[in-house]
Amino acid sequence: MIQIANEFLTVTLSPKGAELQSIKGAVSGLEYLWQADPDVWGRHAPVLFPFVGRSKADQYTYNGQTYPMGQHGFARDREFSIEEQSDHAVTFLLKADAESRAVYPFEFELRVSYRVHDMHLTVGYDVRNVAPSGPMYFSIGGHPAFKVPLTDDTQFEDYFLDYRPQKSRVKIPLQGAFINLNDRTLAPTDVATDINHQLFKNDALIYELKGQANEFSIRSEKTDHSVTMKLAGAPFIGVWSPYPTEGNLVCLEPWWGIADTVDASGELSEKFGVNELAAGETFNASYEITVR
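Procedures and definitions
- Chains are numbered independently. Their residues run from 1 in the order of the written sequence.
- Local features in this predicted model are restricted to residues of pLDDT 70 or higher, and side-chain atom pairs are both shown and tallied only at a pLDDT of 80 or more, whereas totals for entire chains, interfaces and linings draw on every residue.
- Hydrogens and water molecules were not included; the side-chain quantities draw on all heavy atoms of the structure.
- Counted as salt bridges are all cases of a side-chain nitrogen of Lys or Arg within 4 Å of a carboxyl oxygen of Asp or Glu.
- Any residue under 20% of the maximum accessible area for its type is buried, any over 50% is exposed, and the rest in between are partly exposed; the area is computed with a 1.4 Å probe on protein chains only.
- Each helix is a run of H or I in the DSSP string that is no shorter than four residues. Each strand is a run of E no shorter than two, and both are numbered from the N terminus.
- Strands pair, by our definition, only if DSSP identifies at least two bridges between them.

Draft legend 1. View of the pattern of salt bridges. Scanning the model with the defined rule gives 13 salt bridges in all. For Arg 54, the salt bridge identified is with Asp 58, shortest N-O distance 3.2 Å. For Arg 54, a relative accessible area of 30% corresponds to the partly exposed category. For Asp 58, a relative accessible area of 33% gives the class partly exposed. With a closest N to O distance of 2.8 Å, Arg 111 and Glu 83 form a salt bridge. With Arg 111 in strand S9 (residues 108-117) and Glu 83 in strand S7 (residues 81-85), this residue pair connects regions lying 28 residues apart in the sequence. Residue Glu 83 is classed as partly exposed on the basis of its relative accessible area of 36%.

Now the structure itself:
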């Protein structure tokens, strides 16, 4: 395991999947990250690459060839190397290899970076198309799960989702594992949403952010402790907790990409929300977690 820290936070990470394992207050010792109970949901904060969500029939087509692809891609289960490390920051690196080319025919370098500053943790994604020619198509996202309740004297239902700016946002419903663009609605995110397990009975809450600045927070009136995710450029966010299994976690998931639509053709270049990256170019994205 790898640790980065400052006087406020201690963050633990694993090279497997470049995945967060723990976010703790350095003085209070309070754990903010879900601790991966396998009976509920056995992950902490997987990196979603090169797909976000599920593909129809768990496969896709590119240049006339069909490839298998499981939900959320393969990066979360791969071993990353450590490219750079200091007391306050670390960068993990995953490169295309024979294993990845069997399911994803692109030459890529994926860097996932973490940096602590004050009570903030910045997570960065850098995707580079290292092929000599031709475009690369991909999606990427985060899936950090936060421990709710945050304190022993509060309960799951004591918390709420708080949104900044306070305005309505477009909500995209799921139909099974796939998104239904035809049934998009305007969600009342101009006011806080009470958290309860029934909130997730239809799976994740998915909002269009249009790449604008947004903050999503998990708060309670019964404690000063909270978690806030700040996004500057993500087009989508998913909010999820397992249902009907009732776990003490809520995921805030920034996405640069999304699951297939119900009427997706399966052709990768036509996939809704997919990113296209020219040869030699690099895609950069980041989000910030602030804890109190």
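Draft legend 2. A look at the pairing of strand S10 (residues 120-129). Burial of S10 is extensive: eight of the ten residues sit out of reach of the surface. Sheet topology note: the S9/S10 ladder contains ten bridges and is antiparallel. When the sheet's bridge partners are listed, Arg 115 is paired in S10 with Thr 122. Connecting the antiparallel pair S9 and S10 is a turn made up of two residues, with Asp 118 showing a positive phi of about 50°. When S10 meets strand S26 (residues 282-291), the two strands line up antiparallel, connected through nine bridges. Within the sheet, the bridge partner assigned to Val 123 lies in S26 and is Tyr 287.

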